[in-house]
Amino acid sequence: MSALPKPLVLCADDYAQHAGVTQAVLALADAGRLTATSAMVLSPRWPADAAPLRERRGRIDVGLHLDFTSDFAIATGHGLPLGAAMRRALLGGFDPAAARTAIERQLDAFEAAWGAPPDHVDGHQHVQQFAGIRQPLVQLLARRYGTRAPWLRVSRAPVGQRTPKSRVIATLGAGALQKIATRAHLPCASALSGIYDFNGGQAGYAQRMAHWLAASPAGTLLMCHPGGPPATGDGTDPIAGARQWEWAHLASAAFAAQCATAGVELVRGSALYAPCPARP
């Protein structure tokens, strides 16, 4: 008798950041290669780019990519470059009242274009975990959505996938976020795979993906960043090359074969995640 499939959630970050990202996410969603995407609602593209996602409602989870570090967030007035944001998180944290206002505005912008609450909330460069942001975020989600709260991403790599980069990410608040989410009875994905340095080309990405699929426990959230090149006027994208090889691999027969070999079934997080368990 064959083993039961291993459920994983595959989420494309940065939807609406620029035209190339939107194009890739929609194409992969149509091919059944994604089960979630996270939207950058401070992007001027978001209101228009929400429309094609609405046509795919129910096929993938659509969530808020909470943003305090992109050029969009900096232009809005509440954002900081990543290095400065990390220092603030480690040296006392963000002002919770100001963070609450920024979070509410992003939730409002998400709902105005999407027409419904987000299926999940995560963070651009993992800011959902930062001190001064995680506390008002959990409070707002519990108050605003009650028992139908979106699931949260906890950015902690599974055992066997921990690298210096993943350890830094987790140190910025993974345990603290899971603890307060548990107290608030919010659902969450408590293991995050797909963390790497955006180097290695398509062949290197394919090798990493094979490892992530095989080594991730059931219920792991696997993030990805597929995209085409930015269009004229979209600004620069420091990971544009990585986006293109990720898209190419995720669209390939080789990726489908990797999932089959690893016994992986790609599922939606909204059908999988329950209120956060206590950390072992």
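Preceding this section is the structure that the text describes.
Residues numbered from 1 in each chain as written. Predicted model: local features only at pLDDT ≥ 70, side-chain atom pairs only at ≥ 80, totals over all residues. Heavy atoms only, no water.

A.B. asks: Sorry if this is basic, but what is going on with the overall build of the protein chain here?
C.D. replies: On a plain count of helices and strands, the protein chain comes out with eleven helices and nine strands. Taking 2.2 N^0.38 as the reference for a compact globule, 280 residues should give roughly 19 Å; the C-alpha atoms of the protein chain span a radius of gyration of 17 Å, in line with that estimate. With respect to the three principal axes, the spread of C-alpha positions in the protein chain is 50 × 50 × 35 Å. By the burial criterion, 53% of the 280 residues in the protein chain qualify as buried. Sequence separation of 24 or more characterises 81% of the internal contacts of the protein chain that already satisfy a separation of 6 or more. (Helix = DSSP H or I, 4+ residues; strand = E, 2+ residues; numbered from the N terminus. Rg over C-alpha atoms; globule rule 2.2 N^0.38 Å. Buried < 20%, exposed > 50% of the residue type's maximum accessible area, 1.4 Å probe, protein only. Contact = heavy atoms within 4.5 Å.)

A.B. asks: Explain the side chain of E246 here, please?
C.D. replies: As for its placement among the helices and strands, E246 is situated in helix α10 (residues 240–250). Lacking a salt bridge, the buried E246 has R243 as its closest oppositely charged neighbour, with an N-O distance of 7.0 Å. Other than its neighbours up to four places away in sequence, E246 contacts Y196, F198, Y205, C224, H225 and P226. (Lys, Arg positive; Asp, Glu negative; His and termini not counted. Salt bridge = Lys/Arg side-chain N within 4 Å of Asp/Glu carboxyl O.)

A.B. asks: Explain the packing of helix α2 (residues 46–54) against helix α5 (residues 96–114) here, please?
C.D. replies: Two quantities define a packed helix pair, namely the angle between the axes and the distance from one axis to the other. Two elements in contact, α2 and α5, have axes whose closest approach is 8 Å; the angle formed by their N-to-C orientations is 50°. In terms of orientation, α2 lies oblique with respect to α5. You can see that α2 and α5 cross each other, and the crossing is right-handed. Together, W46, P47, A50, L53 and R54 of α2 and A109, F110, A113 and W114 of α5 make up the contact between the two elements. Taken together, the residues that form the contact of α2 with α5 break down as eight nonpolar, no polar and one charged. (Axes fitted to C-alpha atoms, helices over the stretch in contact; angles between N-to-C directions. Parallel < 35°, antiparallel > 145°, perpendicular 65-115°, else oblique. Left-handed = near helix turned anticlockwise from the far one by under 90°. Nonpolar A, V, L, I, M, F, W, Y, C, P; charged D, E, K, R; others polar.)

A.B. asks: What exactly am I supposed to notice about the environment of L10 here?
C.D. replies: Note on placement: L10 falls in strand β1 (residues 6–15). Since its relative accessible area comes to 0%, L10 is described here as buried. As for L10 and Y196, which are separated by 186 residues in sequence, their C-alpha atoms are 15 Å apart. Apart from residues lying up to four places away in sequence, L10 is in contact with R33, L34, T35, A36, L222, C224, L250, F255 and L266.

A.B. asks: Explanation requested: the nonpolar core in the structure shown.
C.D. replies: Looking at soluble globular proteins, one finds that nonpolar side chains tend to be buried together. One finds W46, F68, I133 and L152 to be the most contacted residues of the largest nonpolar core, which totals 65 residues. When residues of this core are assigned to their parent elements, the largest contribution, seven residues, is made by α5. Every residue in contact with L152, bar those within four places of it in the chain, is listed here: V121, L137, V138, L141, L177, A181, L186, P187, C188 and A189. Residues A36, A157, I195 and L221 belong to the second largest nonpolar core, which totals 13 residues. (Core = buried A, V, L, I, M, F, W, Y, C linked by side-chain atoms within 4.5 Å.)

A.B. asks: How do you make sense of the environment of A113 when you look at a structure like this?
C.D. replies: If you trace the backbone, A113 turns up in helix α5. Overall, A113 belongs to the buried group, its relative accessible area being 14%. Apart from residues no more than four positions distant in its own chain, A113 is found in contact with W46, P47, A50 and R54.

All quantities given are derived from atomic positions and should not be read as evidence of function.
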